[in-house]
Amino acid sequence: GERDGTASLEELLRIFDADRTPEIRTQILRSLAERSDPRAQAKLLEVARKGETPELRIEAIRRLGERGRISIEDLLTLYSSETNVSIKQGLIRVYAETDDPRARVKLFEIAKSGDSPDLRLYAIRRLGEKNDDQTVEQLTAMYDAETNFQVKGMLIRAFGDSNQKAAVRKLMSIARND
């Protein structure tokens, strides 16, 4: 995977399709992620969508996320068609690690009305790691509208993980009033 050029990319793609060893396939995904060739990205996206194992799909998703804005649109649409919770968590992780505003919107959608309580809680936890005023403001609005005790607990945890003044004020308000 360290050689440059079309020949080495062709060789990587051939080996990936022929070899079923998880370690080798993971290494090839890493090599593909380092390349700017559209065919490398296409292979990563193909594996993210249809890879044989959840672990392989999650690795491809992670590698696509590292590429930044180029593939965020594909990763955003993948969430709605996915049924595997582990893969959805992998997507949430990638959304949280990117600075793309579309990913932030998707994270809040999942946190507010995700298709499972566990995914909602996971999205809230990842949002709490964002640690910025805008996120704290949106989490505060979520807390004020939320009725689920478990979700409120995760929101409190997210405020506690933040070093933003607004988060500390919200925690103090919750302690006084709730």
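Bear in mind the structure is a predicted one, so any value in this text is a computation, not a measurement.

S.K.: Would you mind showing me how to read unusual backbone geometry here?
M.R.: Of all residues except glycine, most have a negative phi; of all peptide bonds, most are trans. Although it is not a glycine, N131 adopts a positive phi angle of roughly 55 degrees. On the accessibility criterion, N131 (26% relative accessible area) is partly exposed.

S.K.: Please explain the side chain of K152 as it appears in this structure.
M.R.: In this structure, K152 sits in helix α10 (residues 149-161). A polar atom in the side chain of K152 sits 3.4 Å from the backbone oxygen of Y143. Not counting the four nearest positions on each side in its chain, K152 is found in contact with Y143, E146 and D178.

S.K.: Hey, could you run me through the pattern of salt bridges in this one?
M.R.: Going through the model one piece at a time under the given rule, you end up with 21 salt bridges. A salt bridge links E59 to R63, with the nearest nitrogen and oxygen atoms 2.7 Å apart. Taken together, the positions of E59 and R63, both in helix α4 (residues 54-66) and four residues apart, correspond to about one turn of that helix. With respect to class, E59 is no different from R63; both count as buried. A salt bridge links D144 to K170, with the nearest nitrogen and oxygen atoms 2.5 Å apart. Placement of the pair is D144 in helix α9 (residues 133-145) and K170 in helix α11 (residues 165-177), with a sequence separation of 26 residues. Residue classification places D144 among the exposed positions, given a relative accessible area of 52%. Looking at K170, the relative accessible area reads 12%, which means it is buried. Connected through shared salt-bridge partners, R30, E59, R62 and R63 make up one network.

Rules of the game
Residues numbered from 1 in each chain as written. Predicted model: local features only at pLDDT ≥ 70, side-chain atom pairs only at ≥ 80, totals over all residues. Heavy atoms only, no water. Buried < 20%, exposed > 50% of the residue type's maximum accessible area, 1.4 Å probe, protein only. Helix = DSSP H or I, 4+ residues; strand = E, 2+ residues; numbered from the N terminus. Polar contact = N/O pair within 3.5 Å; in protein donor to acceptor, adjacent residues only side chain to side chain. Contact = heavy atoms within 4.5 Å. Salt bridge = Lys/Arg side-chain N within 4 Å of Asp/Glu carboxyl O.

In short, geometric facts, not functional conclusions.
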